[in-house]
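Observations on the model geometry
Residues per chain, in single letters:
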Amino acid sequence: MILIAAVVLAQVAPVDYVDAMKKVATKFTGKEGVVIHLGDSITYANQYGGWARGGKGKTPQEEAVLKWMHCNDNNDTDGWYLARVDRPGNRSDTAVSGIRSYEYLEGGKAGIPPLAEVVKKYNPQIAVILLGTNDVNGGRTPVQYKADMTRLVDIVVGNGTIPIVSTVPPVRGKEDAVKAFNITLGDLAKEKKIPVIDYYGEILKRRPTDWQGSLISEDGVHPTGDHGGASAGSEPTEENLKNSGYLLRGVLSVRKILEVKTKVLDGMKKK
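Residues numbered from 1 in each chain as written. Predicted model: local features only at pLDDT ≥ 70, side-chain atom pairs only at ≥ 80, totals over all residues. Heavy atoms only, no water.

By the criterion of burial, strand E2 (residues 126-130) is predominantly enclosed, with 5 of the 5 residues buried. Taking every second residue as pointing to the same face, both faces of E2 are buried, with Ile 126, Val 128 and Leu 130 on one and Ala 127 and Ile 129 on the other. (Buried < 20%, exposed > 50% of the residue type's maximum accessible area, 1.4 Å probe, protein only. Helix = DSSP H or I, 4+ residues; strand = E, 2+ residues; numbered from the N terminus.)

Pasting the structure below:
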C-alpha cells in the first residue's frame, strides 16, 4: 500500500488547457513550428534531444511533428539545436547549467539574456520549460519557485507562445522538496490552464524505489543516457523507457508537443 500511495502522489493531474491555449495562440506572430526548450543542464545536455534528432521507433505522426518543428535544421528555428549548441559558460542559447528559475528570468548567468529577450529573439510558437532542480538544491522554497515560474509563464504567454511546463525530476536526498515543488507547479498549471509534462511522475511510475542509478544517474540529479542496454536514441519500448532517463524525457517532450499541436494549433486551423 505504501508503494501505491507513493506512485499516486507522484502524478500531476491532467489539465484541460485547450481553450486557454487557443486564446494564447491567436496572439502568435512568429514562424510556424518554432519550439524552444528552456532549462538548465538537464536541457542543455546533448542527450535530451537524442531521440528527437535521430532516435529509433518513431511513429509517422512523431516524424511529422519533428519535421514541423524544424528538427535537424540546426539553425534558429530548430529548438533542439538551440538547446544543445555550445556557448561559453557551460550553456547553450536556451539552457544554462546550474541556473535557477529567478536567474533565468533576470538573465546574466553565463551570459544568457533575460527570459523576455530570449523569447523575443526566437519568438517560438511553443516553449518547453524545465527549471527547478537548482532551486531545490539551492534551498529555495516552493513559494519562491511558484512565484518565479508564474512570472516566467506570464512572459511566455504574453508573447503568444504556448508554454509546456515539466515537473522536476527526483533529486537524491531532496525527495520531499521536489514533491513540494511539483505540487506547486501542478497548482500553477491548473490556475493558468497550461499543458504539463509530468516527468517526475513518469519516472516514479516506472521506478518508484530505484530511480537512482536507473533513470537518474548515480550523481542523484541528472538523467541517465546509456543504461541497462538503452540509450537516449533507443526505440521507446517500456523496457528502454525504464532505463534511460534522457530517452524518457525526450520521448515525453515530443509526444506532448504533438498533443498540443494536434489539440490546439490544428484544431484552430479546422475552424
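Let us look at unusual backbone geometry. Trans peptide bonds make up most of the peptide bonds, and negative phi angles are found at most residues other than glycine. We note that His 70 has phi near 65°; this positive angle belongs to a residue other than glycine. Within the fold, His 70 resides in the loop between helix H5 (60-68) and helix H6 (79-84). Residue His 70 is classed as buried on the basis of its relative accessible area, which comes to 11%. Not every positive phi belongs to a glycine, and Lys 193 is a case in point at roughly 55°. With respect to the helices and strands, Lys 193 occurs in the loop between helix H11 (175-192) and strand E4 (196-197).

On to the side chain of Ser 97. Residue position: Ser 97 is located in the loop between H6 and helix H7 (101-106). Residue classification places Ser 97 among the buried positions, given a relative accessible area of 17%. Beyond its immediate sequence surroundings of up to four residues, Ser 97 is in contact with Asp 40, Ser 41, Tyr 44, Asn 90 and Lys 109. (Contact = heavy atoms within 4.5 Å.)

We now examine helix H2 (residues 18-25). Along H2, the residues classified as buried are Val 18, Met 21, Lys 22, Val 24 and Ala 25. The arc that holds the buried residues of H2, viewed along the axis, is 160°, so those residues lie on one side. The exposed residues of H2 that point more than 90 degrees off its buried face are Asp 19 and Lys 23. (Arc of directions from axis to C-beta.)

Let's shift gears to the sheet that holds strand E1 (residues 35-39). Spatially, 4 strands are ordered E1-E2-E3-E4 in an open sheet, and the strand pairing comes out parallel. Every interior strand has two partners, whereas the edge strands, E1 and E4, have only one. As defined by bridge partners, E2 adjoins strand E3 (residues 162-166) across 4 bridges and the pair is classed as parallel. What sits directly across from Ala 127, in E3, is Pro 163. (Pairing = 2+ DSSP bridges.)

Moving on: the confidence of the model for the protein chain. Confidence along the protein chain averages 94 in pLDDT terms, with 95% of residues attaining 70 or more. Ignoring residues within four places in sequence, the model shows residues 1-9, a span with pLDDT below 50, making 5 contacts including any to other chains. (pLDDT = per-residue confidence, 0-100.)

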